[in-house]
Amino acid sequence: GVAASWRGTNSLGIRAMANEDGEFGVADAPHDACDLTAVAPRARPRTITLPEHPRNRVEITLEAAPDPVDVMQLVGSPAPPLKLTTLSGETFDLSAARGKVVLVDFWATWCGPCIEELPQLVEVHKKFGGRDDFVLIGISRDFSESDLTAFLKKHKEIAWPQVVGDKGGAEDAVREFGVVGLPALFLVD
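As the structure is a computational prediction, the values presented were derived from the model and not from experiment.

What counts, and at which threshold
Residues numbered from 1 in each chain as written. Predicted model: local features only at pLDDT ≥ 70, side-chain atom pairs only at ≥ 80, totals over all residues. Heavy atoms only, no water. Core = buried A, V, L, I, M, F, W, Y, C linked by side-chain atoms within 4.5 Å. Buried < 20%, exposed > 50% of the residue type's maximum accessible area, 1.4 Å probe, protein only. Helix = DSSP H or I, 4+ residues; strand = E, 2+ residues; numbered from the N terminus. Contact = heavy atoms within 4.5 Å. Phe/Tyr/Trp six-rings, centres within 6.5 Å; stacked < 30°, edge-to-face > 60°. Pairing = 2+ DSSP bridges. Axes fitted to C-alpha atoms, helices over the stretch in contact; angles between N-to-C directions. Arc of directions from axis to C-beta.

1. Digging into the nonpolar core
Of all hydrophobic cores here, the largest spans 20 residues; its most connected members are L84, V102, F106 and I139. When residues of this core are traced back to their parent elements, those giving at least two are β6 (101-107), β7 (134-140), α5 (170-177) and β9 (184-188). Element by element, the count of residues in this core is highest for α5, at four residues. In contact with L84, other than residues within four places in its own chain, are E90, T91, F92, I137, I139, V163, G168, G169, A170 and A173. Within the second largest apolar cluster, 16 residues are counted, among which are A108, C111, L136 and L152.

Below you can see the structure in the form of C-alpha cells.
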C-alpha cells in the first residue's frame with residue numbers, strides 16, 4: 001500500500017508490504033483524511049480515501065488484471081501494437097517507428113531501482129537521442145500525472161518523451177508487454 005496523497009501533497013513516501021494473508025499496516029499514516037493506493041501483481045491498482053481518524057481496519061478489494069503476457073514469447077516476435085499519447089500531447093505509434101531501434105522504459109518516480117538506472121538512460125539518450133534511427137520513450141507507472149510532471153521539472157536531463165496513465169496508453173502498454181515489475185526495459189529493433 002502507498003499513502004498516495006494528503007493535504008494536496010501527491011506522495012507521502014509511506015509504503016507498506018502485505019503479509020501472506022494480504023494484510024498490511026500503514027503505521028505512520030496521518031490522522032486526518034488521506035488517499036491510500038493498494039497495488040499487487042496481476043491486479044489493477046485501487047485508490048481509496050481513508051476517513052479522518054480511520055478505524056482499525058479498512059478493506060480494499062483489488063480487481064484481477066488480465067493474465068500477463070509471457071515476456072519470453074516477445075523475444076524474436078513482432079513488438080506488440082503500441083499507440084501512446086505523450087505528456088506533451090504528441091502521438092507515438094510503435095508501428096510508425098519500423099526500421100528504428102526503440103528503447104521502451106517502464107518506470108516510476110517512486111521506484112528506487114528506476115531512479116538508480118536513470119543516469120544510464122540519460123547517457124544513452126545523450127549518445128543516441130539525436131539519431132534518426134533511435135527512439136527512447138518512458139512509460140511511467142506513477143499514480144498521477146502531477147507526480148511525474150513535478151519530478152520531470154526537477155530533472156530536466158530526462159529529455160525523452162514520457163507517457164502516464166490510461167489516457168496516455170500506459171495501462172495498455174503494460175498489458176501488451178507483460179510488465180509485472182519495475183524497472184522494465186524493452187529494446188525493439
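2. Digging into the packing of aromatic side chains
Enumeration over the complete set of coordinates arrives at six aromatic pairs. On the numbers, 5.8 Å between centres and 85° between planes, the contact of F106 with F186 is edge-to-face. With F106 in strand β6 and F186 in strand β9, this pair connects stretches of sequence that are 80 residues apart. One exposure class covers both F106 and F186, and it is buried. On the basis of an interplanar angle of 45° and a centroid distance of 5.7 Å, the ring pair of F128 and F134 is categorised as tilted.

3. Section: the sheet that holds β7
Strands sit in the order β8-β7-β6-β9 across an open sheet of four strands; the sheet is mixed. Only two strands of the sheet have a single partner each, and these edge strands are β8 (162-164) and β9. Along the sheet, successive strands turn relative to each other by an average axial angle of 20°, direction set aside. Examined bridge by bridge, β6 and β9 share five bridges and lie antiparallel to one another. Residue pairing in the sheet places L103 in a bridge with L187 of β9. Strand contacts of helix α2 (residues 112-128): β6, β7 and β9, with the helix running at about 160° to β6, the strand carrying the most contacts.

4. Quick look at α5
Taken as a whole, α5 has its buried residues at A170, A173, V174 and F177. Buried residues in α5, looked at end-on, bunch into an arc of 100°, giving them a common side. Directly beyond the C-terminal end of α5, a positive phi value near 70° is found at G178.

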